[in-house]
Amino acid sequence: MESGMELQAEHLCKSYGKKEALKDVNFTLEQGVYGLLGENGAGKSTLMRILTTVDVPTGGSVRYGGKNITQMDEDYRNLIGYMPQDYSVYPSFTAANFLAYMGTLKGIPKDELKMKIPEVLEFVNLSDATNKKVKTFSGGMKRRIGIAQALLNDPEILILDEPTAGLDPKERIRFSNILSSMAKEKIILLSTHIVSDIEAIANRLIIIRKGEITETGNIDQLVKRVTGNVWEATVGQDMMNTVSAERAVIHIKQMGKDVQIRFVGDQIPDIACRSVTPTLEDYYIYVNEKRGEMI
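Keep in mind it's a predicted model, so treat the numbers as computed, not measured.

Engineer: Provide a residue-level description of the environment of Lys135, including the pertinent values.
Structural biologist: Mapping Lys135 onto the fold places it in the loop between helix H5 (110-123) and helix H6 (139-151). Judged by its relative accessible area of 53%, Lys135 is exposed. As for Lys135 and Ala148, which are separated by 13 residues in sequence, their C-alpha atoms are 16 Å apart.

Engineer: If you had to explain the packing of H5 against H6 to someone new, which residues and values would you point to?
Structural biologist: Between H5 and H6, the shortest axis-to-axis distance is 9 Å and the interhelical angle comes to 140 degrees. Considering their axes alone, H5 and H6 lie oblique with respect to each other. When you trace H5 past H6, the crossing you get is right-handed. Listed contacts from H6 to Lys116, Val120, Leu121 and Phe123 of H5 are Ile145, Ala148 and Leu151.

Engineer: Any details on the environment of Met182? Residues and values, ideally.
Structural biologist: As for its placement among the helices and strands, Met182 is situated in helix H7 (residues 169-182). In sequence terms Met182 and Lys106 are 76 residues apart; their C-alpha atoms lie 21 Å from each other. Setting aside chain neighbours within four positions, we find Met182 in contact with Phe123, Leu151, Leu158 and Ile188.

Engineer: Residues and numbers for unusual backbone geometry, please.
Structural biologist: Unlike most non-glycine residues, Asp24 shows phi in positive territory, near 50 degrees. Checked against the element boundaries, Asp24 lands in strand S2 (residues 19-29). On the accessibility criterion, Asp24 (44% relative accessible area) is partly exposed. For Asn125, which is not glycine, the phi dihedral falls at a positive 65 degrees. Mapped onto the secondary structure, Asn125 falls in the loop between H5 and H6.

Engineer: Describe the sheet that holds strand S3 (residues 32-37), listing the residues and the values that go with them.
Structural biologist: One open sheet accounts for six strands, arranged S6-S7-S8-S3-S9-S10; its pairing is mixed. Of all strands in the sheet, those bounded by a partner on one side alone are strand S6 (80-83) and strand S10 (212-218). Strand-to-strand twist across the sheet, computed as the mean angle between neighbouring axes with direction ignored, equals 15 degrees. In this structure, S3 lies alongside strand S9 (residues 204-209), joined through four bridges in parallel fashion. Bridging from a neighbouring strand, Gly35 pairs with Leu205 of S9. Docked against the sheet, H7 engages S3, strand S7 (157-161) and strand S8 (187-192), running at close to 155 degrees with respect to S7. Across the sheet, helix H11 (residues 280-290) touches S3, S9 and S10, and the angle it forms with S9 is around 35 degrees.

Engineer: Just give me the short version of the pattern of salt bridges, but keep the residues and values in it.
Structural biologist: Taken as a whole, this structure holds 16 salt bridges when the rule is applied. Note that Glu171 is salt-bridged to Arg174, the shortest N-O span being 4.0 Å. In this pair, Glu171 and Arg174 both sit in helix H7, three residues apart, roughly one turn of the helix. By relative accessible area, Glu171 is classed as buried at 9%. For Arg174, a relative accessible area of 30% puts it in the partly exposed group. Shared partners join several salt bridges into a network, and the residues in it are Glu232, Arg262, Arg274 and Asp282.

Engineer: Describe the packing of aromatic side chains, with residues and values.
Structural biologist: Between two aromatic rings, the relevant description is the distance of the centres plus the angle of the planes. Applying the stated criterion across every chain yields a total of five aromatic pairs. Centroid distance Tyr90 to Tyr101: 5.4 Å. Interplanar angle 85 degrees. Geometry classified as edge-to-face. Placement of Tyr90 in the loop between S6 and helix H4 (95-105) and of Tyr101 in helix H4 is noted, with a sequence separation of 11 residues between them. Judged by relative accessible area, Tyr90 falls into the partly exposed class, the value being 39%. Between Phe93 and Tyr101 the ring centres are 5.5 Å apart and the planes differ by 75 degrees, which places this aromatic pair in the edge-to-face class. Here the aromatic residues Tyr90, Phe93, Phe98 and Tyr101 are joined through ring pairs into a cluster of three or more.

Engineer: Quick one: what's the story with the pairing of strand S11 (residues 230-235), residue by residue and with numbers?
Structural biologist: Counting buried positions along S11 gives five out of six residues, so the element sits mostly inside the fold. Pairing between S11 and strand S13 (residues 258-264): six bridges, direction antiparallel. If you follow Val230 over to S13, its bridge partner there is Val264. In terms of strand pairing, S11 meets strand S14 (residues 274-275) through two bridges, oriented antiparallel. Directly across from Glu232, in S14, lies its bridge partner Arg274.

Criteria and cut-off values
- Residues numbered from 1 in each chain as written.
- Predicted model: local features only at pLDDT ≥ 70, side-chain atom pairs only at ≥ 80, totals over all residues.
- Heavy atoms only, no water.
- Helix = DSSP H or I, 4+ residues; strand = E, 2+ residues; numbered from the N terminus.
- Buried < 20%, exposed > 50% of the residue type's maximum accessible area, 1.4 Å probe, protein only.
- Axes fitted to C-alpha atoms, helices over the stretch in contact; angles between N-to-C directions.
- Parallel < 35°, antiparallel > 145°, perpendicular 65-115°, else oblique.
- Left-handed = near helix turned anticlockwise from the far one by under 90°.
- Contact = heavy atoms within 4.5 Å.
- Pairing = 2+ DSSP bridges.
- Salt bridge = Lys/Arg side-chain N within 4 Å of Asp/Glu carboxyl O.
- Phe/Tyr/Trp six-rings, centres within 6.5 Å; stacked < 30°, edge-to-face > 60°.

Below, the structure written as structure tokens:
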């Protein structure tokens, strides 16, 4: 990938009948891992389908290296790897056969595939499953073979829709390491509604809410913005109900008769609050609450 190549969305809109799925979406992606975070139905999958040319916008455009991706057509599709949310694998295929089939669909020559398949299987830590049938795979293995097929054409842009759904903690760490190792030379965009996954994998964030991009930026810098607005306190049940009515409470932990709570917003004068280091979840809930949407 040439350095300086950017993927730009400009005034992107998408409507399905009267429903506006995307409203004037603008952003620029460079090399690195971006997390696209939003509630279910916020427009994440619609945006990803447009970025992969599976769908076309109602208005606006997407450019890569200054060229409109719709006009680039096949040239653009050859540069992208895509793993959709409802990604399905063919159960009777072995891992190698499945990748050979997907590679053929992508128009990759047979001799090239012979070299590439062992390479991508090793990369996603599935070499020992080369000749195993996909139906015997765990959820995490299926996700990894999904990444393997997306990598067959050595894409410059990797787009993953809800890639961590159903993964256990060990698989998540492995998945995170795979993506981190590619971040220097690719644009990687992954969508999720699971905040902790973004924190573990991505270094930049895009928040989408009701079809509009509401926040973008470096995750560490965004999280620092809510320093001084995140609190923990140990209170009685009645006070907890009062706090819940006035603030966005993030965690509640029973401590015998009392309750330990973590909340975002201004300090509450009547109770002993400790200021705590914010996390991405704190930031996400804080900005959503500021926009009038309690999570």
